[in-house]
Amino acid sequence: MVGGLVTGSPALAAEAAPGSRASTTVGSSKDRRNTQKEKKMRIVAVEEAFSVPGAIRQEEAIRQRMPVPEAIKQEWFRRLDDLTELRLADMDANGVDVQVLSYSTPGVEVIEDPAEAVAAARQINDSLAKAIAAHPTRFAGFATLPLQDPKAAVVELRRAVNELGFKGVLYNDHVRGHYLDEPQFRPLWAELERLGVPLYLHPAVIPADNWRVFEGYPVLNGPTWGWTATVGAHALRVIYSGVFDQFPGASLILGHMGELLPFQMARLDSRYPHVPVEQRVQHLPSYYLRNNVYVTTSGVMSHAALLGAVHAVGVDRVLFAIDYPFESSAEAVGFLRSAPHEPADLKRIAHGNAERILRL
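Residues numbered from 1 in each chain as written. Predicted model: local features only at pLDDT ≥ 70, side-chain atom pairs only at ≥ 80, totals over all residues. Heavy atoms only, no water.

Enquirer: Explain the confidence of the model for the protein to me, using residue names and the numbers behind them.
Expert: Looking at the protein as a whole, its pLDDT mean stands at 88, while 87% of the residues score no less than 70. Within the model, the stretch residues 1–16 combines pLDDT values under 50 with 28 contacts to residues more than four positions away or in other chains. For residues 18–38, every residue scores under 50 in pLDDT, and the model assigns this stretch 43 contacts once sequence neighbours within four places are set aside. (pLDDT = per-residue confidence, 0-100. Contact = heavy atoms within 4.5 Å.)

Structure below.
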């Protein structure tokens with residue numbers, strides 16, 4: 001029994017990714033002792049936010065509307081704006097070797113004017129490149145793209161990867177209600193595939209629309225449930241639209257334990273043949289989740305969930321993330337170090353997969 005799951009059960013075996021080695025951990029006390037001794041284990045965290053004060057003029061007004069206690073918000077903003085002193089001290093105190101930095105939501109996606117979005121994205125990417133250059137062994141970066149202008153976004157992606165050395169893109173769910181399955185974004189997917197870098201699909205602080213089922217229950221919005229539902233649905237739009245059939249080398253990263261999609265794979269597969277669609281994709285949904293999607297642990301510090309994700313998509317597709325500064329680095333690292341996995345598997349999750357996928 002590990003985290004409430006009986007290891008070796010038929011259900012878990014059925015969800016194990018075919019062709020990829022799921023964790024062989026059975027959660028023995030010996031394994032846990034070995035993991036606890038891995039004090040020098042390298043740790044790479046891949047969903048770690050920063051901001052550039054003044055880069056997005058709408059940002060301050062949006063921040064003020066966030067339904068979070070003021071003291072917590074101010075601490076978040078203080079840490080978002082800091083790229084050295086507070087951040088490096090936190091990393092050192094908790095044994096985090098590298099943070100892969102990305103611009104915090106709301107992001108450039110909230111900007112209406114395409115030209116303004118292009119200028120803001122360039123400013124943010126240039127600021128991030130300077131921070132990485134100052135600490136090249138501690139930081140790497142995901143690019144910010146102005147998808148209000150898809151052609152300009154492709155140009156900026158090329159610059160960010162080839163000139164600035166960024167490792168991929170982080171995108172905040174939608175650009176004023178537009179999603180990445182839409183035809184105007186196919187050149188972006190083509191360029192992502194050509195460059196061999198992933199797109200990290202992250203929640204947006206401002207939803208594209210309001211769901212009536214959330215009315216009267218603000219706790220359902222945001223990270224509790226709303227973000228998982230919308231980002232998971234967005235990822236499924238990308239899958240069902242045939243993006244990965246057209247660009248099989250393209251890849252998507254989903255945080256928060258894959259926005260729970262790994263745990264829905266059997267249901268997605270069983271229902272897909274029964275739903276009328278204009279054009280079917282070449283494989284069942286689980287194929288794309290196991291071949292084009294990577295999963296991170298950000299914000300989900302549950303050994304049961306981690307074990308399930310590893311069995312669903314394979315240990316080589318799961319990456320560690322903290323979601324700094326919105327989550328506690330100490331708690332996230334403690335969760336990682338105590339995870340009931342063999343040392344070799346734990347190292348893949350902690351740093352090996354990120355180093356391979358992002359070419360760190």
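Once you've had a look at it, read on.
Enquirer: How would you explain the packing of helix 4 (residues 70–80) against helix 5 (residues 85–94) if you had to name every residue and give the values?
Expert: Where helix 4 contacts helix 5, the axes come no closer than 8 Å and their chain directions differ by 95°. Considered as vectors, helix 4 and helix 5 are oriented roughly perpendicular to each other. Contacts between helix 4 and helix 5 involve Arg78, Arg79 and Leu80 on the former and, on the latter, Leu86, Arg87 and Asp90. Looking at the contact of helix 4 with helix 5 residue by residue, the classes come out as 2 nonpolar, no polar and 4 charged. (Axes fitted to C-alpha atoms, helices over the stretch in contact; angles between N-to-C directions. Helix = DSSP H or I, 4+ residues; strand = E, 2+ residues; numbered from the N terminus. Parallel < 35°, antiparallel > 145°, perpendicular 65-115°, else oblique. Nonpolar A, V, L, I, M, F, W, Y, C, P; charged D, E, K, R; others polar.)

Enquirer: Lay out the pairing of strand 2 (residues 98–103) in plain terms, naming residues and giving numbers.
Expert: Of all 6 residues making up strand 2, 6 are buried, and the element is well covered by its neighbours. Here strand 2 shows a buried face lined by Val98, Val100 and Ser102 and a second buried face lined by Gln99, Leu101 and Tyr103. Pairing geometry for strand 1 (residues 44–50) and strand 2, over 5 bridges, is parallel. Directly across from valine 44, in strand 2, lies its bridge partner valine 98. Relative to strand 3 (residues 139–141), strand 2 runs parallel, the two sharing 3 bridges. Bridge pairing in strand 3 links valine 100 to alanine 140. With respect to chirality, the unit in which strand 2 leads through helix 6 (residues 114–134) into the neighbouring parallel strand 3 is right-handed. (Buried < 20%, exposed > 50% of the residue type's maximum accessible area, 1.4 Å probe, protein only. Pairing = 2+ DSSP bridges. Right-handed = clockwise from strand over helix to strand, strands pointing away.)

Enquirer: Which residues make up a nonpolar patch on the surface, and what values do they have?
Expert: A cluster of nonpolar side chains, Trp225, Leu260 and Phe263, forms an exposed patch at the surface whose accessible area comes to about 280 Å². With respect to the element layout, leucine 260 can be found in the loop between helix 11 (255–259) and helix 12 (265–271). For leucine 260, a relative accessible area of 34% translates into the label partly exposed. (Patch = residues over 30% accessible without salt bridge, like charges linked within 9 Å, V, L, I, M, F, W, Y side chains within 5 Å. Areas by Shrake-Rupley, 256 points an atom, 1.4 Å probe, with all protein chains shown as cover. Salt bridge = Lys/Arg side-chain N within 4 Å of Asp/Glu carboxyl O.)

Enquirer: Outline the nonpolar core, listing residues and values.
Expert: For soluble globular proteins, the rule of thumb is that nonpolar side chains tend to be buried together. Core analysis: the biggest nonpolar cluster contains 86 residues, and Leu180 and Trp189 have the highest contact counts within it. In terms of residue count, helix 6 provides more of this core than any other element does, 7 residues in total. Sequence-distant contacts of leucine 180, defined by excluding residues within four places in its chain, comprise Leu147, Tyr171, Phe185, Leu188, Trp189, Leu199, Leu201, His234, Val238 and Val243. Core analysis: the next-biggest nonpolar cluster, separate from the first, contains 15 residues, Leu170, Ala321, Ile357 and Leu358 among them. (Core = buried A, V, L, I, M, F, W, Y, C linked by side-chain atoms within 4.5 Å.)

Enquirer: Describe in detail the packing of aromatic side chains, supporting the description with residues and values.
Expert: Applying the stated criterion to the full structure yields 8 aromatic pairs. On the basis of an interplanar angle of 80° and a centroid distance of 5.7 Å, the ring pair of tryptophan 189 and phenylalanine 244 is categorised as edge-to-face. Of this pair, tryptophan 189 sits in helix 8 (residues 186–195) while phenylalanine 244 sits in helix 10 (residues 243–246), placing them 55 residues apart in sequence. Tryptophan 189 sits in the buried class, given a relative accessible area of 0%. Arranged with centres 6.5 Å apart and planes meeting at 25°, the rings of phenylalanine 244 and tyrosine 288 form a pair that is stacked. Of this pair, phenylalanine 244 sits in helix 10 while tyrosine 288 sits in helix 13 (residues 285–291), and the two are 44 residues apart along the sequence. Given the relative accessible area of 2%, phenylalanine 244 is considered buried. (Phe/Tyr/Trp six-rings, centres within 6.5 Å; stacked < 30°, edge-to-face > 60°.)

Enquirer: Help me get a handle on helix 5, residues and values and all.
Expert: When helix 5 is considered as a whole, its buried residues turn out to be Arg87, Leu88, Asp90, Met91 and Asn94. Viewed along the axis of helix 5, the buried residues span an arc of 160°, placing them on a single side of the element. Seen from the open side of helix 5, the exposed residues pointing more than 90 degrees away from its buried face are Glu85, Asp92 and Ala93. At its buried positions, helix 5 is contacted by strand 1, helix 4, strand 2, strand 3 and helix 15 (329–337). Two residues or fewer past helix 5, glycine 95 is found with a positive phi of approximately 75°. (Arc of directions from axis to C-beta.)

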